Amino acid sequence: MKVILIGFMGAGKTTVGQLLAEKTTLPFFDTDQLIVTQTGQTPGEIFAIVGELGFRQLEQTILQENLTKSGIMATGGGIIELEQNRQLLKSSPVPVIYLSGSFGQTVERLVKDNTRPIVRNKSLLELAELWEQRLKKYSSIATEVIYTDNKTADQVAEEVLQYMRAFNDETTENR
């Protein structure tokens, strides 16, 4: 693994991850897509059948199975909800980059997407509370925070790429 992207839903993890994969020719993994591939069900369908905890446990299995693969990994926004997942991410030898944006810009992205079970089932106030609750969890495991407000996905990908290069250079020097 070369980099792991975390952040709230709508932060741009998948889009930025795909751009990074193109720029680096590294494989791209998206935990939500891996879940769909493995189960044949969308996260929304899994939420409806086994609830959020069941989904988070499946997400943990996917994370464990793919953590050692080399590439770019985008995680689901709620992957940090389980303590075990936070520990796995925190102990990863590769950079964990938190794509952080304001709640306003995040909501602008989310209102256009009705595929997210949490967005469909929460009011704007509940979504704001969830966003606020997750901020510290993301920050506590991130090796770097990249702010996404008023930036294109390509600009964010370039910042991540610069950080990856610096991280790899530093890691190489310390060997």
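In the annotation of an unreviewed UniProt entry, the protein chain is listed under the name Shikimate kinase and assigned to Weissella thailandensis. Of the comments in the UniProt record for the protein chain, the one headed Sequence similarities (unreviewed entry) reads "Belongs to the shikimate kinase family." Looking at the protein chain in UniProt, the text filed under Subcellular location (unreviewed entry) is "Cytoplasm".

Draft legend 1. A look at helix α7 (residues 124–141). Between its first and last C-alpha atoms α7 spans 26 Å; for 18 residues at 1.5 Å apiece the expected length is 26 Å, and the two agree. Where α7 bends most, the angle comes to about 30°, and this point is Arg 134. Here α7 has its buried residues at Leu 127, Leu 130, Trp 131, Arg 134, Leu 135, Tyr 138 and Ile 141.

Draft legend 2. How the structure looks around helix α2 (residues 31–39). Where α2 begins, the side chain of Asp 30 points an oxygen toward the backbone nitrogen of Asp 32, at a separation of 2.9 Å. Residue Gly 40 follows α2 closely and has a positive phi angle near 75°.

Draft legend 3. Structural context of the UniProt feature "binding site: Mg(2+)" (unreviewed entry) in the protein chain. UniProt marks Thr 14 with the feature "binding site: Mg(2+)" (unreviewed entry), using the numbering shown here. Structurally, the position occupied by Thr 14 is in helix α1 (residues 13–24). Given a relative accessible area of 33%, Thr 14 falls into the partly exposed group. Those residues in contact with Thr 14, other than ones at most four positions away along the chain, are Phe 28, Asp 30 and Ala 74.

Draft legend 4. Looking closely at the UniProt feature "binding site: substrate" (unreviewed entry) in the protein chain. Mapped onto this numbering, the UniProt entry annotates "binding site: substrate" (unreviewed entry) at Asp 32, Arg 56, Gly 77 and Arg 134. Considering the arrangement of structural elements, one finds Asp 32 in helix α2. In this view, Asp 32 contacts Pro 43, Phe 55, Glu 59 and Gly 76; residues no more than four positions away in its chain are not counted. Assignment of secondary structure puts Arg 56 in helix α3 (residues 43–66).

Rules used throughout
- Residues numbered from 1 in each chain as written.
- Predicted model: local features only at pLDDT ≥ 70, side-chain atom pairs only at ≥ 80, totals over all residues.
- Heavy atoms only, no water.
- UniProt positions renumbered as here; feature names shortened; annotations may be inferred.
- Helix = DSSP H or I, 4+ residues; strand = E, 2+ residues; numbered from the N terminus.
- Expected span 1.5 Å × (residues − 1).
- Bend = angle between axes of the 7 residues up to and from the residue.
- Buried < 20%, exposed > 50% of the residue type's maximum accessible area, 1.4 Å probe, protein only.
- Polar contact = N/O pair within 3.5 Å; in protein donor to acceptor, adjacent residues only side chain to side chain.
- Contact = heavy atoms within 4.5 Å.

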